Amino acid sequence: MKTFFTCISLLTVINFGLSQTPPPDTDIFVFDLKEKKGKLSISNSKNVTNRKGYDNQPAFFNNDYIMYSAYENGQNDIMIVDLYDNKVTNLTNTTNTSEYSPFPMEKYNSFGTVRVEEDNTQRLWLFPMEGKQSPRVVFEKIAPVGYFAWNQDQILMFVLGQPATLVKANPNSVDDKIITSNIGRTIKVIPDSPDFAFEKREDNGDVIIHRLNSVNNETTAIIKKPQGASDWAITQQGTYITSVGSKLLSYNPKRDENWVEVSDLGETGAKGITRMAVSGNNKRLALVINQ
C-alpha cells in the first residue's frame, strides 16, 4: 500500500544546520582494525578532522576516503577527506540548505544524503561525486527522513514522527512500506547480504538490534544493546561493534553469547563515542568522539 508522509516535525539531532545554537564539538578518529575469527583489535589512532566544530556521521568511500557532515558558517555540508594526504573537499558546498548522513554509492560514483531544504523539508537526495550532474531528490513524498541505508535497489529509512517509523522503499518503484515503529537512528547494511540491521525500542525499554530480510520483510532479533550504548557498526565478518562511555564492545552472532570488551580509549574517549563506521576492506574503523 502506498504510504505518504508529510513533514510533521524535525529532530534537533539532525537539524543542526538550521539551529541558532551550533552543534557540539566532535572529531573523527580513524584506527587500524584487525579481525580474526570475530575477535577485534584496534591500533594507530589518528584524528582526521582535528578542528573545533562539528564533524560527524562518517562513511568510508573506496576505503581510503571518509565522507562526513561538517558544520560551517551556520549550516552543514558533506565533506570528504583523503586519509593519505589529509586533503578535505566540500562535496555539496550549499548556502541555503544543509546535508547530513552521507551514504557512498561507490558503484555509481555518487552518494545519498539527507538534505534539509530551504522550507525545512527533510528528504533523501542523490548527489554525483564529481558534480557534473545536478543532485536529485530520490522520493518526492517521503519526509521527514532522518537516517537511511541503501542496499542494492532497496532503501531503509528512519522517518520522523510520533513515533518514528522504519520505511522501506525502492527508488525505481512507486510503493513504500512501513516495517515497524519506535526505532532508533542506527540503520546499517549487513555486509555481503541484501538485508539490513536496525534497532528498535521495546515496550519494556530494551533496545534490540534486529535483522530485516529484504525479500519477505521478516525481522529477527540479533542482540540487546548494552545500557548506555550509542551508535553501532558491522564489520565485513558480521561482528557488531558499539561503545559505552570510552569502551568499545563487540558481538559476533556466530561466536559470542554477549558483548565483549575490545578496547578502552581512556581519556581520548572520555566524553563519549557517538558514531562509527567500518571500511569495506575491514581494515579501518572510524569513530566520532566528543571533544
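Just above sits the structure.
### Regarding the overall build of the protein chain
Looking only at helices and strands, the protein chain has 0 helices and 24 strands in total. Scaling as 2.2 N^0.38, a compact globule of 291 residues should have a C-alpha radius of gyration of about 19 Å, and the protein chain matches this with 18 Å. In terms of its C-alpha atoms, the protein chain occupies a principal-axis envelope of roughly 45 × 45 × 35 Å. Expressed as a percentage of its 291 residues, the buried residues of the protein chain come to 57%. The contacts in the protein chain between residues at least 6 apart in sequence include a share of 43% that link residues at least 24 apart. Surface accessibility of the protein chain: about 13700 Å² in total, with carbon and sulfur atoms responsible for 45%.

### A look at the sheet that holds strand β2 (residues 39-47)
A sheet is described by the order of its strands in space; here 4 strands give the open sequence β2-β1-β24-β23, paired in antiparallel fashion. Strand pairing shows two members of the sheet lacking a second neighbour, β2 and β23 (273-278), which therefore form its edges. Taken pair by pair, the neighbouring strands of this sheet meet at an average axis angle of 25 degrees, ignoring direction. Where strand β1 (residues 26-36) lies against β2, 7 bridges are found, and the strand directions are antiparallel. The residue of β2 that forms the bridge with Phe29 is Asn47.

### A few points about the packing of aromatic side chains
Here the structure, examined in full by the defined rule, presents 5 aromatic pairs. Between Trp232 and Tyr240, the ring centres sit 6.0 Å apart and the planes meet at 45 degrees, which makes this aromatic pair tilted. Relative to Trp259, the ring of Tyr251 lies with its centre 5.9 Å away and its plane at 50 degrees, an arrangement referred to as tilted. Across the ring face of Trp125, the terminal group of Arg115 is positioned such that the distance to the ring centre comes to 4.6 Å. The side chain of Arg284 reaches across the aromatic face of Tyr84, ending 5.5 Å from its centre.

### Some details on the pattern of salt bridges
Following the criterion strictly, the structure yields 12 salt bridges and no others. For the salt bridge of Glu72 with Arg51, the shortest nitrogen-to-oxygen distance reads 3.9 Å. Here Glu72 is found in strand β4 (residues 65-72), whereas its partner Arg51 is found in the loop between β2 and β3 (55-61), with 21 residues between them in sequence. Put simply, Lys224 and Asp206 hold a salt bridge, and the shortest N to O gap is 3.4 Å. Here Lys224 is found in strand β18 (residues 219-224), whereas its partner Asp206 is found in the loop between β16 (196-201) and β17 (207-212), with 18 residues between them in sequence. Salt bridges sharing partners connect three or more residues here, namely Arg51, Asp55 and Glu72.

### Some details on a positive patch on the surface
On the surface, Lys36, Lys37, Lys254 and Arg255 cluster together into a positively charged patch. Relative to the helices and strands, Lys37 is located in the loop between β1 and β2.

### Focus on the nonpolar core
Across soluble globular proteins, nonpolar side chains have a tendency to be buried as a group. Ranked by size, the top nonpolar core spans 29 residues in total, and within it Leu124, Phe139, Phe148, Trp150, Ile155 and Met157 carry the most contacts. Of all the elements in the fold, those that place two or more residues in this core are β7 (98-105), β9 (122-128), β11 (145-151), β12 (154-159), β13 (165-169), β15 (183-189) and β16. Setting aside chain neighbours within four positions, we find Phe139 in contact with Arg123, Leu124, Ile155, Met157, Ala169, Asn170 and Pro171. Ranked by size, the runner-up nonpolar core spans 15 residues in total, among them Ile241, Leu265, Val278 and Ile289.

Scoring rules and cut-offs
- Residues numbered from 1 in each chain as written.
- Predicted model: local features only at pLDDT ≥ 70, side-chain atom pairs only at ≥ 80, totals over all residues.
- Heavy atoms only, no water.
- Helix = DSSP H or I, 4+ residues; strand = E, 2+ residues; numbered from the N terminus.
- Rg over C-alpha atoms; globule rule 2.2 N^0.38 Å.
- Buried < 20%, exposed > 50% of the residue type's maximum accessible area, 1.4 Å probe, protein only.
- Contact = heavy atoms within 4.5 Å.
- Areas by Shrake-Rupley, 256 points an atom, 1.4 Å probe, with all protein chains shown as cover.
- Pairing = 2+ DSSP bridges.
- Axes fitted to C-alpha atoms, helices over the stretch in contact; angles between N-to-C directions.
- Phe/Tyr/Trp six-rings, centres within 6.5 Å; stacked < 30°, edge-to-face > 60°.
- Lys NZ or Arg CZ within 6 Å of the ring centre and 35° of its normal.
- Salt bridge = Lys/Arg side-chain N within 4 Å of Asp/Glu carboxyl O.
- Patch = residues over 30% accessible without salt bridge, like charges linked within 9 Å, V, L, I, M, F, W, Y side chains within 5 Å.
- Lys, Arg positive; Asp, Glu negative; His and termini not counted.
- Charge placed at Lys NZ, Arg CZ, Asp CG, Glu CD.
- Core = buried A, V, L, I, M, F, W, Y, C linked by side-chain atoms within 4.5 Å.

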